[in-house]
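Structural overview
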Amino acid sequence: MEEEISFEAKVLHTPFEKPDAYSSLSMPVYNTAAYEFQTAEEMEEAFCGITSDPTYSRISNPTVTYFEDRVRAITGALSVTALNSGMAAITNALMTVSRAGGNIVTSSHLFGNTYSLISTTLKGFGVESRFCDLTQIEEVRKAVDENTCAIFLEVITNPQMEIADLKQLSEVAEAAGVPLIADTTIVPFSVFDAKKFGVHIEIVSSTKYISGGATSIGGLLIDYGTFDWSKAKALAFWNNQFGKRAFTLRLTKEIHRNIGAYMTPQVAYMQTLGLETMELRFERQAKTSLELAERLQSLPGILSVNYTGLKDNPFYELSLAQFGKYPGAMLTFDLASRAACFSFMNRLKLIRRATNLFDNKTLAIHPASTIFGGFSEKQRKNMDISQQTIRLSIGLETADDLYNDIKQALT
Ligand SMILES: *Cc1c(COP(=O)(O)O)cnc(C)c1O
């Protein structure tokens with residue numbers, strides 16, 4: 001029997017679907033809008049899905065397909081679709097499972113744009129949003145009914161860093177016949193196996209760990225092929241034709257094709273390269289995060305540190321069980337006031353003032369006045385966004401470099 005190859009090896013050695021004419025070792029960037037056919041018959045077969053030959057780059061492109069194939073190889077998914085942002089991946093996923101009159105059960109602890117998408121945009125199309133506390137499983141059970149199209153969550157919420165019990169959520173989802181859709185951007189595939197925890201559809205903003213130094217914006221929509229789509233009203237037509245591929249087929253043949261937010265080949269090329277070194281970078285960034293979080297706990301001026309890898313964090317045990325010892329490379333800490341946060345931000349010398357996560361450089365942001373700046377104080381309170389919180393995305397500098405910069409910025 002053949003030995004199973006490692007995650008690290010799989011990421012590097014996924015073969016091309018067709019051999020390259022020049023035996024290029026890297027997947028070439030196919031900068032083309034359309035593809036030519038030898039005969040009308042071949043053209044019909046490609047357009048009607050009998051062959052998988054590309055027809056037009058809004059729908060598929062060999063360079064993007066290759067990026068998707070690599071992600072499929074490391075996740076064991078049924079299908080992977082690369083979109084041109086994390087938000088495009090979330091929008092495509094939720095539109096594929098939803099219909100007017102349906103509802104989405106989720107938490108108000110969500111990335112700001114996702115919250116706005118669910119509470120405002122989708123609501124405008126007749127999809128009700130049901131916000132509840134996903135850490136209270138009875139609340140979730142009560143919120144789900146026969147019109148629920150999905151349970152949606154972020155596995156570690158950004159920036160509250162709340163963790164719901166995925167085993168419990170997946171039991172509720174299975175019992176109700178509702179897909180469990182998870183945004184796993186905060187922890188990469190190398191440490192978190194979403195399928196094992198009952199996630200049916202996984203979403204990743206590949207802008208973050210995968211892009212490799214914040215080179216580009218992108219998103220991944222991953223279908224594990226584990227949900228029985230006969231239970232989903234919005235997918236009845238597709239389920240009758242395609243069974244377990246119903247979600248993927250509605251996505252590719254209707255939603256993503258019609259929305260037109262496919263990844264471009266240049267971005268797929270950069271993100272394929274980024275994927276090759278993701279595990280190495282993550283290991284370093286996550287180790288630094290834990291060390292720094294521990295050291296910041298006793299630094300004068302810092303009232304509290306939030307990182308779920310800390311032993312006294314309320315989510316520590318669950319975090320360890322679901323994500324291992326190093327739950328991501330994002331942490332937050334609280335200072336005395338909004339003014340103290342602004343003064344801290346302005347004194348930083350090494351750490352950069354910028355949004356984004358998991359760049360090679362460490363980034364700091366004051367979420368309340370930026371990402372959540374467009375919400376009212378009442379909404380922010382509802383979302384647990386405090387004026388006292390600073391969020392750090394940890395890069396490749398050493399823990400000493402970061403500790404020293406934070407220390408000088410506090411005084
Ligand atoms: C950044 C982010 C997104 C959005 O991704 P984009 O690539 O910026 O569209 C969604 N969810 C989480 C948790 C994120 O951090």
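Remember, it's a predicted structure, so these values are computed and weren't measured experimentally.

**Brief notes about the overall build of the protein chain**
Secondary structure assignment for the protein chain yields 14 helices and 12 strands. Here the C-alpha atoms of the protein chain give a radius of gyration of 22 Å, agreeing with the 22 Å that 2.2 N^0.38 yields for 411 residues. In terms of its C-alpha atoms, the protein chain occupies a principal-axis envelope of roughly 75 × 55 × 45 Å. Each of the 411 residues in the protein chain was classed as buried or not, and the buried ones make up 54%. When the accessible surface of the protein chain is totalled, it reaches about 18,200 Å², and 52% of it is carbon and sulfur. Taking the 38 positively charged and 46 negatively charged side chains of the protein chain as two groups, their mean positions are separated by 6 Å.

**Examining the domain arrangement of the protein chain**
Domain boundaries in the protein chain define domain 1 (7–267) and domain 2 (279–410). A straight line from the C-alpha centre of domain 1 to that of domain 2 covers 28 Å. On the domain 2 side, the residues contacting the 35 residues of domain 1 number 32 residues. Each partner contributes to the roughly 2,900 Å² buried at the junction of domain 1 and domain 2, and carbon and sulfur atoms together form 66% of this total. Contact with domain 2 buries area across many residues of domain 1, yet M161, I163 and Y209 alone supply 25% of it, more than any other trio. Here domain 1 is connected to domain 2 by 10 residue pairs in polar contact (both at pLDDT 80 or more).

**Topic: a negative patch on the surface**
The grouping of E41, E42, E44 and E45 at the surface amounts to a negative patch. By the secondary structure assignment, E45 is in helix 2 (residues 40–47).

**Describing the pairing of strand 6 (residues 201–205)**
A large share of strand 6 lies buried, amounting to 5 of its 5 residues. Burial along strand 6 is two-sided: I201, I203 and S205 and E202 and V204, pointing in opposite directions, are all buried. Taken together, the 3 bridges between strand 5 (residues 180–183) and strand 6 define a ladder with parallel strand orientation. Pairing of I181 across the sheet is with I201, part of strand 6.

**As for the site of the ligand**
In the vicinity of the ligand, the residues found are S85, G86, M87, F111, N158, D183, T185, S205, T207, K208, G218 and L357. The separation between an oxygen atom of the ligand and a polar side-chain atom of N158 is 3.3 Å. One nitrogen or oxygen atom from the side chain of K208 is found 2.9 Å from an oxygen atom belonging to the ligand. Burial of the ligand by the protein amounts to 91% of the accessible area it has alone, namely 380 Å².

**Topic: helix 5 (residues 112–124)**
With 13 residues, helix 5 should reach 18 Å at 1.5 Å per residue; the first-to-last C-alpha distance of 17 Å fits that figure. I118 marks where helix 5 bends most, by close to 30°. Buried residues belonging to helix 5 abut helix 4 (86–97), strand 2 (103–106), strand 3 (128–131) and strand 4 (148–154). Immediately beyond the C-terminal end of helix 5, within one or two residues, lies G126, with a positive phi of roughly 85°.

**What about the packing of helix 10 (residues 265–296) against helix 14 (residues 399–410)?**
For the pair helix 10 and helix 14, the least separation of the axes is 9 Å and the interaxial angle reads 35°. Between helix 10 and helix 14 lies a crossing of right-handed hand. Residues T288, E291, L292, R295 and L296 of helix 10 pack against A399, D400, L402, Y403 and I406 of helix 14. The class makeup of the residues in the contact of helix 10 with helix 14 is 6 nonpolar, 1 polar and 3 charged.

**Concerning unusual backbone geometry**
The omega torsion of the bond from N158 to P159 falls at 10°, within 30 degrees of zero and hence cis. Residue placement: P159 occurs in the loop between strand 4 and helix 7 (166–176). Notably, N356 is not glycine yet its phi reads approximately 90°, a positive angle. One non-glycine residue, D384, adopts positive backbone phi at about 60°. Along the chain, D384 falls in the loop between helix 13 (377–382) and strand 12 (389–393). The exposure class of D384 is exposed, given its relative accessible area of 52%.

What counts, and at which threshold
- Sequence order as written defines the numbering, with residues in each chain counted from 1.
- This being a predicted model, a pLDDT of at least 70 is required before a residue's local features are given, and a value of 80 or more before pairs of side-chain atoms are given or counted; all residues contribute to the totals for chains, interfaces and linings.
- With hydrogens and water set aside, each side-chain value is computed from the structure's full complement of heavy atoms.
- Under the scheme used here, helices are H or I runs from DSSP no shorter than 4 residues and strands are E runs no shorter than 2 residues, and both carry numbers assigned from the N terminus.
- Radius of gyration here uses only the C-alpha atoms, and the compact-globule reference equals 2.2 Å multiplied by the residue count raised to the power 0.38.
- Only protein chains enter the accessibility calculation, which uses a 1.4 Å probe. A residue is then buried if its area is under 20% of the maximum for its type, exposed if over 50%, and partly exposed in between.
- To measure how exposed things are, a 1.4 Å probe is used in the Shrake-Rupley method; for residues, cover is taken only from the protein chains shown.
- Positive charges come from Lys and Arg, negative ones from Asp and Glu, while His and the chain ends are left out of the count.
- Taken as the charge location is NZ of Lys, CZ of Arg, CG of Asp or CD of Glu.
- Domain start and stop positions are those given by an automatic or database domain assignment.
- The contact definition used throughout considers only heavy atoms, calling two residues in contact when any of these lie within 4.5 Å.
- Note: buried area is the sum, over both parts, of the accessible area (probe 1.4 Å) each one loses when the two are combined.
- By the criterion applied in these results, polar contacts are pairs of N or O atoms within 3.5 Å in which, for protein atoms, one can donate a hydrogen and the other can accept it, and in which residues neighboring in sequence qualify only through two side-chain atoms.
- Nonpolar side chains (Val, Leu, Ile, Met, Phe, Trp, Tyr) within 5 Å and like charges within 9 Å form the patches, drawn only from residues with over 30% relative accessible area and no salt bridge.
- One speaks of a salt bridge when a side-chain nitrogen belonging to Lys or Arg is within 4 Å of a carboxyl oxygen belonging to Asp or Glu.
- Strand pairing follows a simple DSSP-based rule, namely that at least 2 bridges must link the two strands.
- Each residue is tested against the molecule or strand, and it is near if at least one of its non-hydrogen atoms lies within 4 Å.
- Expected helix span is computed as 1.5 Å times (number of residues minus one).
- Fitting one axis to the seven residues ending at a residue and another to the seven starting there, the bend at that residue is the angle between the two axes.
- Axis definition: a line fitted to C-alpha atoms, over the contacting stretch in the case of helices. Angles run 0 to 180 degrees between N-to-C directions.
- Here a crossing is called left-handed whenever its near helix is offset anticlockwise from the far helix by less than a right angle, and right-handed whenever the offset is clockwise.
- Note on residue classes: Ala, Val, Leu, Ile, Met, Phe, Trp, Tyr, Cys and Pro are nonpolar, Asp, Glu, Lys and Arg are charged, and everything else, Gly too, is polar.

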